[in-house]
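Descriptive analysis of the structure
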Amino acid sequence: MKTIGKYQVLGLLGRGGMGAVYKVRMPVTGKIMALKLLSPNPFLVGLIGRAAIERQFRAEAATLGGLNHPHIAAVWDFGQAARRPFFLMEYYCRDLGQVIGESARVEAPTRKLPLPRAAAYALQTLDGLARLHHAGIVHRDIKPFNLLITGEDRIKITDFGLSKVRGESLAHGPGLKVGSPYYAAPEQEDQPEQAGPRADLYSMGVTLYRMLAGRLPVWPLTGEGLPSAFSRDLGPDWDNFFLRVLHPSPGRRPESAKAMAAELEALLAVWRNRLDKACRLEEQDVPPPCPVDAPSGRPRSQPMKARGAQAQEVFGLDALWRPRCYASPRLEALGETVRDAATGLVWQCNGSAYAFDWAAARAYVEELNAQGFGGAQGWRLPTVDELVSVLSPPAEFTGHCLDPVFNREQRLLWSADRRTFTQAWFADTELGAAAGADMTCSFFARAVRTA
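Notes on the structure in this doc start here. Throughout, a residue's number is its position along its own chain's written sequence, starting from 1. Reporting of local features is limited, given that this is a predicted model, to residues whose pLDDT is at least 70; pairs of side-chain atoms are given and counted only at 80 or more, and all residues count toward the totals for whole chains, interfaces and linings. Water and hydrogen atoms were dropped before computing side-chain values, which therefore reflect all heavy atoms in the structure.

As a further point, take the overall build of the protein. A count of helical and extended segments in the protein gives eleven helices and 18 strands. Its C-alpha atoms give the protein a radius of gyration of 23 Å, near enough to 22 Å, the size a compact globule of 451 residues would have. Expressed along its principal axes, the backbone C-alpha trace of the protein runs to roughly 65 × 55 × 35 Å. Note on classification: 1.4 Å probe, protein chains only; a residue is buried when its accessible area is under 20% of the maximum for its type, exposed when over 50%, partly exposed between these limits. Taken over 451 residues, the protein has a buried fraction of 51%. Here the analysis covers contacts within the protein between residues at least 6 apart in sequence; of these, 65% occur between residues at least 24 apart. Accessible surface is estimated by sampling points in the Shrake-Rupley manner with a 1.4 Å probe; for residues, cover comes only from the protein chains shown. Approximately 20900 Å² of the protein is accessible, and the part contributed by carbon and sulfur atoms is 52%. Asp and Glu are treated as the negative residues and Lys and Arg as the positive ones, with His and the ends of the chain left uncounted. The atom standing in for a charge is NZ when the residue is Lys, CZ when it is Arg, CG when it is Asp and CD when it is Glu. Put simply, the protein has 53 plus and 47 minus side-chain charges, and the middle of one group is 6 Å from the middle of the other. Here a helix means four or more residues in a row that DSSP labels H or I, a strand means two or more in a row labelled E, and each is numbered from the N terminus. Throughout, the radius of gyration refers to the C-alpha atoms, and the reference size of a globule is 2.2 Å times the residue count to the power 0.38. Whether two residues are in contact is decided by their heavy atoms: any pair within 4.5 Å suffices.

Okay, structure coming up:
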């Protein structure tokens, strides 16, 4: 399949019960978009029939198209190709599931996010949910993979295939579950047609717990299952918050998305006050040193292509694409550059002013050499090994007090290493992890050279 309607197909992004989502290019402008084409699972067709599936597919497009909100994905077009309907949506390279490293084994551990970042994602999602609930829409499938992340680090709620509009009765076959295991509220699994807005709040609670704890919650939350057991940023007040949000009874949860957001903002205010006091004591966390027998010296500087398990082994990363042992760089700021005495590498202090695709990142580095940036030549995009040499684990408590040497805003950095012919590796410096991304994604470039 080379085109769908007038849109050029660049690849398959994923499949769901009702349709397949493709990465496409718009004619003339060349803008990259996501296109969802009706392509129902045969099992689902047997349960509720193709006509009912198509009605729900069209209802999803109408739901998205009828809302204009900064945290809800927008629909740009609707059409048919070979008698199959499709709709065109905003495309973003990442979603929250990819950021935390969730896999097909949903119950497996995931990466933890620093509290400020996790809370920001949660508050943005709750803002979007408040808009949906005001319109009488219950999403019923809030989970990390349905929360897209823009280049400006903003959440966009997507996948409304299971949403329910007030007063609407959707077709569901006998025994058909609505929602995703582990994230769906108990009442939604038992009586999906009766699930109200508080079911979405439960799902958001599971998602936030996972962002902070790196695992799924198990009810009842006690002892080692309380969120305070997983992070020094969280205390008994956070435990009580999650005990309400994740309660099996909807009536025990916050009454609305706005009420839940207000509770979360109040907890953040207390946390910031506690952190300010701790930072003034000047007792700041630093990563533990690597074992004496850990590899040392100058990291690999020649780009390579690596994928899958091979890449984890070659880059020395764990199952969640983090260094098995974080290095201890000795960084010295030298105006426009930063020198690492531990590796002999010299880095740009600020990197590119804007995020751009991989090809543009390489062109940016070539321009640095043409200009003689920092009075030197030999600038290049760093390899994953070189990026890993200056990574640190996600900050907790007084780790937030550390004054970063590098620009904090340039969190996502391209590497010179390829994953495939169309994908390259990058590093998330705030999470202290690497990941692969399509070369059309927009990240920052921070050049490096050998001293």
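This part is about the side chain of histidine 139. The residue histidine 139 is located in the loop between β8 (137–138) and β9 (147–149) in this model. Each polar contact in these results corresponds to two N or O atoms within 3.5 Å; when the atoms are within protein, one needs to be able to donate a hydrogen and the other to accept it, and residues that are neighboring in sequence are counted only if both atoms are side-chain atoms. Among the polar contacts listed, one links the side chain of histidine 139 to the backbone nitrogen of aspartate 141, at a separation of 3.0 Å. A polar contact of 3.0 Å, which involves the side chain of histidine 139, links it to the backbone oxygen of aspartate 159. If we ignore the near neighbours within four places in the chain, the residues touching histidine 139 are Leu132, Asn146, Ile157, Thr158, Asp159, Phe160, Leu162, Ser163 and Asp200.

What follows deals with the sheet that holds strand β15 (residues 412–418). By this definition, two strands are paired if DSSP reports at least two bridges between them. The strand order across the open sheet formed by three strands is β15-β16-β17, and the pairing between neighbours is antiparallel. The sheet is open, and its two edges are formed by β15 and β17 (433–438), each paired on a single side. The sheet shows a mean angle of 35° between the axes of neighbouring strands, direction not considered. Where β15 meets strand β16 (residues 423–428), four bridges bridge the pair, whose relative direction is antiparallel. Each residue of the ladder has a partner; that of leucine 412, found in β16, is aspartate 428. Under this scheme, a helix contributes an axis fitted over its contacting stretch, all axes are lines through C-alpha atoms, and angles between N-to-C directions fall in the 0 to 180 degree range. Packed on one face of the sheet, helix α10 (residues 358–371) meets β15 and β16 and runs near 90° to β15.

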